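# Results of the structural survey
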Amino acid sequence: MAIQFVEGGATAARGFTAWGMHCGIRRNTSKPDLAMICSAVPCSAAAVYTQNLVKGAPILVTKEHLKDGTARAVIVNSGNANTCNADGVEKAERMCRAAAKALSLKETDVIVASTGVIGVPLPIEPIENSVSQLVSLLSKDGSLEAAKAIMTTDTVVKNLAVECTLGGKTVRIGGIAKGSGMIHPNMGTMLCFVTTDAAVSAPVLDTALRAAVDKSFNMVSVDGDTSTNDTCAVMASGLAGNPELTKAEGEDYEIFAGALLELCTALARMLAKDGEGASRLLICTVTGAKDEENAKKAAKGVICSSLVKAAMFGADANWGRVLCAVGYCGAETDVGRIDVSFASKAGGLSVCENGAGVPFSEELAKKVLSEDEVSILVKLRDGDARATAFGCDLTYDYVKINGDYRT
């Protein structure tokens, strides 16, 4: 069976329940701010985190808890990042303690995360007072509610799952994610929690996760800012009954890693498209690079360019900005041999060949670039490597959203 998308999000996989609710961190009672995902059985687990030197306290606690490669639950709040606070670690540990007590687990079996405003002490009492109720609400159908509860400036819920076959067994991988601003390659203000019922050892899970994140979340940029709380964690229950993946090689591993990448890429696209104030998703695909590293540099360079992003907002086929970004991003290439074209569901058009402009219809260009998803295609002539990066346009609303984010 090929990889296919299915319903259920983080609870599509066997053994997982989830839910989200309002506990009182946010003043707006209509916005949920506390989420939980729980497994009925012990799971192998792995996670990757922000590369910002400033890290949220929950990351420090989660790193410690995952040293043994196991976990059973995730607790996460929105509305407050629990970052740059003197009592941050203590508060994160109290979140784990409250969840562990309500679930009858060890504290070290709990993954903790927070997202929201930085530098404001986290009110821990609302969380501690609500955990028992949250546990009582955990449901096999609760992934969507959990996904809603981790949103900050997001406007779209990110809740997906995929299905594949390993060793003759149907396996599901599901996940929820959040992220809209402070998103830049090497992750951004994003959280992602992935579950699977595949039997996978913790080291293999770690390898597959890092490979998937490298080609998906690490290829997303909204605004050039790498956040402090980025966490992408995965738990594997093993309840699908497939032969355990103990080596990062072989057909079954490739299928699992491919399915995980498919899920993460779909979530990454959603993050980029839902960038703060964004009106369209930008997808830059670079082909013909000398190696993958150079392909990634070029794709990221284009997606991260504020001038390219602004031109896309105005549906202006200013391809010179694309070429300019490739020229300064550090990719090794012959800029005199680069082709650039734009494409969307409205059609496609070539705007640059061999590093020089070619005649094109401005009317068609306007139509192509006015769609809600636009592809920027950059062809180098240095080799066979390729890479794709995801971003969004830069609009007036981005400044409005971030001008008073804290207040």
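Everything in this summary refers to the structure shown in the same document. Because the structure is predicted, anything quoted here is derived from the model rather than measured.

### Quick word on the overall build of the protein
For the protein, the count of helices and strands is 11 helices and 15 strands. Here the C-alpha radius of gyration of the protein, 21 Å, is about what a compact globule of 407 residues would show, namely 22 Å. Along the three orthogonal principal directions, the C-alpha set of the protein runs to about 70 × 55 × 35 Å. Each of the 407 residues in the protein was classed as buried or not, and the buried ones make up 55%. Accessible area for the protein stands at about 15,900 Å²; split by element, carbon and sulfur atoms hold 50% of it.

### Concerning the nonpolar core
Ranked by size, the top nonpolar core spans 42 residues in total, and within it I173, C192, F217, C232, F256 and L260 carry the most contacts. Those elements that place two or more of their residues in this core are β3 (34-49), β6 (158-166), β7 (169-178), β8 (191-196), α5 (202-215), β9 (231-236), α6 (251-273) and β10 (281-289). By residue number, the principal contributor to this core is α6, which donates 12 residues. The contacts of C192, once residues within four sequence positions are left out, are I176, A177, F217, T231, C232, A233 and L267. If you look at the next biggest cluster of nonpolar residues, it comprises 37 residues, including A298, A315, V351 and I376.

### Here we look at the side chain of D230
Following the sequence through the fold, D230 ends up in the loop between α5 and β9. The side chain of D230 is buried and forms no salt bridge, while K178, the nearest opposite charge, is found at 7.8 Å. Within the structure, D230 has its side chain in polar contact with the backbone nitrogen of M190 (distance 3.4 Å).

### Here we look at the pattern of salt bridges
Taken as a whole and judged by the stated rule, the model has 18 salt bridges. Between D197 and R14 there is a salt bridge, with the nearest N and O atoms lying 2.8 Å from each other. Of this pair, D197 sits in the loop between β8 and α5 while R14 sits in the loop between β1 (4-6) and β2 (16-21); the two residues are 183 residues apart in sequence, bridging distant segments of the chain. One continuous salt-bridge network, built from bridges that share partners, spans E90, R94 and E128.

Calculation criteria
- Numbers given for residues are sequential positions, taken from 1 along each chain in its written order.
- In keeping with the model being predicted, local features are shown solely for residues with a pLDDT of at least 70 and side-chain atom pairs are shown and tallied solely at 80 or more, while totals for entire chains, interfaces and linings include all residues.
- Side-chain descriptors were evaluated using all non-hydrogen atoms of the structure, hydrogens and water having been removed beforehand.
- Secondary structure follows DSSP: runs of H or I at least 4 residues long count as helices, runs of E at least 2 residues long count as strands, and numbering of each begins at the N terminus.
- The globule rule used here is 2.2 Å times the number of residues to the 0.38 power, and the radius of gyration it is set against is calculated over C-alpha atoms.
- In this scheme, a residue with accessible area under 20% of its type's maximum is buried, one over 50% is exposed, and one in between is partly exposed, where area comes from a 1.4 Å probe on protein chains only.
- For the area figures, the Shrake-Rupley method with a 1.4 Å probe applies, and any residue is considered shielded solely by the protein chains shown.
- For this analysis, a nonpolar core means a set of buried residues of the types Ala, Val, Leu, Ile, Met, Phe, Trp, Tyr and Cys, connected via side-chain atoms within 4.5 Å.
- Residue contacts are counted whenever heavy atoms from the two residues lie within 4.5 Å of one another.
- Just so you know, the count uses Lys and Arg for positive and Asp and Glu for negative, and it drops His and the chain ends.
- What counts as a salt bridge is simple: a side-chain nitrogen of Lys or Arg found within 4 Å of a carboxyl oxygen of Asp or Glu.
- Polar contacts here mean pairs of N or O atoms no more than 3.5 Å apart (in protein, one a potential hydrogen donor and the other a potential acceptor; neighbouring residues in sequence count only if both atoms are side-chain atoms).

So, to be careful, I would describe these as geometric facts and stop short of saying anything about function.
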